[in-house]
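Examining the three-dimensional arrangement
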Amino acid sequence: MSVKSVIRGVGAALPKRRVDNAELAAQVDTSDEWIVERTGIRSRYIAGEGETTGTLAADACRQALARAGIAAADIDLIVLATATPDQTFPSTATKVQAMLGIPDAIAFDVQAVCSGFLYALSVADSMLRGGNARRALVIGAETFSRILDWEDRATCVLFGDGAGAVVLEAEDGGERGILATRLHADGRHNEMLYVDGGPSTTGTVGKLRMKGREVFRHAVVNLHDVLGEVLEAADLSVADVDWVVPHQANARIIDATARKLGLSADRVVLTVDRHANTSAASVPLALEVAVQDGRIKPGDIVVLEAMGGGFTWGAAALRF
Ligand code: UT7
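Residues numbered from 1 in each chain as written. Predicted model: local features only at pLDDT ≥ 70, side-chain atom pairs only at ≥ 80, totals over all residues. Heavy atoms only, no water.

As for the domain arrangement of the protein
As a measure of interface size, the accessible area lost when the parts come together is often cited. Split into domains, the protein comes out as domain 1 (3-172) and domain 2 (177-319). Using only C-alpha atoms to locate each centre, domain 1 and domain 2 end up separated by 14 Å. Across the boundary between the two partners, domain 1 contributes 54 residues, which contact 49 residues of domain 2. Linking domain 1 to domain 2 there are two salt bridges. (Domains from an automatic or database assignment. Contact = heavy atoms within 4.5 Å. Salt bridge = Lys/Arg side-chain N within 4 Å of Asp/Glu carboxyl O.)

Now the structure itself:
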């Protein structure tokens, strides 16, 4: 019998403090008009004291577990995607494990920047289908505000903090679950989007640097291609797709990708206006919004996609 990984519950957590474009424009040389027109972003959430990638992740997991009706103790795999861990080590996944009081599990972080949730989902899906675990927490969690150069208007207005999580359970012989995933990386483009520090180089955390225009160009092409690949692998056509939940970096990238694929905008979940780019958290945060407001229903065909630093990119097709 074929085993599929089924999403049982979705949870989200955002920092308390919401920052709109006007508040940013009072600090850096930018404007609400520029940010909305170029990106679609209207506000973002910024972590305050005591709010970390780990605490946000744990809150998102608690909500996902409660909605799934599954106890934390029944989780045997935790895969957490982040580029902004609480510490260089141990993994934030093990910190979440401790915060949730899970006595024993496989727990590790995945580093694929904005594509991290797709990488984490794909790894967890493989492990569930391979019989290594039965119930997983797959998390995307970030506090990018802590690696932003707040004097660089070209980047600091684009990002926000938050966490999203799904509870994934192995099910034998059902219709629902992950149908296909596809992942890619091309390290020749490291310098397009990176952090200028690290434990083994500068010994510092560093700040985010990005060549935005180049990233934009690659994003539309790579996302279009990987969406085509994942649909083919799942034996689906664009017409079968009920919802696309894209990485929320820029509304213009999302629009251009949908248009190139021939997908109507009313089947695309857009939350970049309220969350900004939350890197690995963006896809599960958007998924949570569309599940909670009733757009995404059990049985729907949903496609997730993301692209980020590395470059890395990927997509997943599932029957929700
Ligand atoms: O999540 C990982 C992947 N990341 C992305 O997908 C981001 C991809 N890139 C983008 O979303 C866009 O390239 C940006 C939003 C980053 C920039 O938009 P753009 O339309 O490519 O603008 P640009 O970089 O070409 O800059 C246009 C102008 C420049 O001025 P000049 O040289 O034309 O005089 C910038 O200096 O806009 C200026 N500018 C700003 N002006 C006001 C850049 N940032 C700002 C700002 N406020 N915050």
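Some thoughts on the site of the ligand
Close contacts around the ligand come from 23 residues, with Thr-30, Arg-38, Arg-213, Asn-250 and Asn-277 the closest. Thr-30 is positioned with one of its side-chain polar atoms (N or O) 2.7 Å from a nitrogen atom of the ligand. Separating a nitrogen atom of the ligand from a backbone N or O atom of Gly-212 is a distance of 3.0 Å. Elements with a contribution of two residues or more to the shell around the ligand: helix 2 (32-39), helix 6 (153-156), helix 7 (212-233) and helix 8 (251-261). Here the shell around the ligand takes four residues from helix 7, the largest share from any one element. Formed jointly, the shell around the ligand draws a minimum of three residues from each of two domains, domain 1 (3-172) and domain 2 (177-319). (Near = heavy atom within 4 Å. Polar contact = N/O pair within 3.5 Å; in protein donor to acceptor, adjacent residues only side chain to side chain. Helix = DSSP H or I, 4+ residues; strand = E, 2+ residues; numbered from the N terminus.)

With respect to the packing of aromatic side chains
Describing an aromatic ring pair means giving the distance of the ring centres and the angle of the ring planes. One pass over the structure, following the stated rule, counts one aromatic pair. Here the guanidinium or amino end of Arg-295 rests over the ring plane of Trp-243, the centre of that ring lying 5.8 Å away. (Phe/Tyr/Trp six-rings, centres within 6.5 Å; stacked < 30°, edge-to-face > 60°. Lys NZ or Arg CZ within 6 Å of the ring centre and 35° of its normal.)

Examining the pattern of salt bridges
Under the definition given, this model contains 13 salt bridges. Between Glu-51 and Lys-16 there is a salt bridge, with the nearest N and O atoms lying 3.6 Å from each other. With Glu-51 in the loop between strand 3 (43-46) and helix 3 (53-68) and Lys-16 in the loop between strand 1 (3-13) and strand 2 (17-20), this pair connects stretches of sequence that are 35 residues apart. On the accessibility criterion, Glu-51 (11% relative accessible area) is buried. A residue is classified by how much of its surface remains accessible, and Lys-16, at 76% relative accessible area, is exposed. Residues Asp-293 and Arg-295 are paired through a salt bridge, measuring 2.8 Å at the closest nitrogen-oxygen approach. On the accessibility criterion, Arg-295 (25% relative accessible area) is partly exposed. Through salt bridges that share partners, Arg-8, Arg-135, Glu-169 and Glu-171 make up one connected network. (Buried < 20%, exposed > 50% of the residue type's maximum accessible area, 1.4 Å probe, protein only.)

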